[in-house]
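Listed below, chain by chain, are the residues.
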Amino acid sequence: IDLSITTIDRLYLGPGIAWVQTLWPRWRMMLKRKFKARRRMTREEKAREELEWRRINEEIELAHEGVEPLLDAYTGYAQEVTAILILPGINLFMMYFPEELQITAR
């Protein structure tokens, strides 16, 4: 069961959450444009909004290219392997020293 949960997390949930976090600024800007009051904007306001839109899209493009996605995947893998290797030792420590840890304290 643990293996299937980890597999689902690594294959679907982790990348899905990262995708939403990456695209959230764009979606927020789109919602802001859609639901803000309908009024005329000056040229400066339009230019400022367009500049902000371009900056957001450029940041999203930069997040998807280069080595960063590979480093993120490797970091997640390394953290999970470390947790798998350390967990048995932590459990044994907690089993053999419950008084010192005060887990069973009243």
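This section reports on the structure supplied with the text. No experiment lies behind these values; they were computed from the predicted model shown.

### Considerations on helix H1 (residues 2–35)
Reasoning step 1: The end-to-end C-alpha separation of H1 is 43 Å, well short of the 50 Å expected for 34 residues at 1.5 Å each.
Reasoning step 2: Maximal helix bending in H1 amounts to about 45°, located at tryptophan 24; proline proline 25 follows within four positions.

### As for the packing of H1 against helix H3 (residues 68–96)
Reasoning step 1: For the pair H1 and H3, interaxial distance at closest approach is 12 Å and the crossing angle is 165°. By the angle between their directions, the pair H1 and H3 is classed as roughly antiparallel. The two elements H1 and H3 cross, and the hand of that crossing is right-handed. In contact with Thr6, Asp9 and Arg10 of H1, H3 contributes Ala73, Gly76, Tyr77 and Glu80.
Reasoning step 2: Here the residues of the contact of H1 with H3 are counted per class, giving two nonpolar, two polar and three charged.

### A few points about the packing of H1 against helix H2 (residues 43–64)
Reasoning step 1: Packing of H1 against H2 brings their axes to within 8 Å, and their N-to-C directions diverge by 160°. Judged by the inter-axis angle, H1 sits roughly antiparallel to H2. Between H1 and H2 lies a crossing whose hand is left-handed. Taken together, the residues of H2 that come into contact with H1 (itself represented by Thr22, Leu23, Pro25, Arg26, Met29, Met30 and Arg33) are Glu49, Glu50, Glu52, Trp53, Ile56, Asn57, Ile60, Ala63 and His64.
Reasoning step 2: Taken together, the residues that form the contact of H1 with H2 break down as eight nonpolar, three polar and five charged.

Each value, and the rule that gives it
Residues numbered from 1 in each chain as written. Predicted model: local features only at pLDDT ≥ 70, side-chain atom pairs only at ≥ 80, totals over all residues. Heavy atoms only, no water. Helix = DSSP H or I, 4+ residues; strand = E, 2+ residues; numbered from the N terminus. Expected span 1.5 Å × (residues − 1). Bend = angle between axes of the 7 residues up to and from the residue. Axes fitted to C-alpha atoms, helices over the stretch in contact; angles between N-to-C directions. Parallel < 35°, antiparallel > 145°, perpendicular 65-115°, else oblique. Left-handed = near helix turned anticlockwise from the far one by under 90°. Contact = heavy atoms within 4.5 Å. Nonpolar A, V, L, I, M, F, W, Y, C, P; charged D, E, K, R; others polar.

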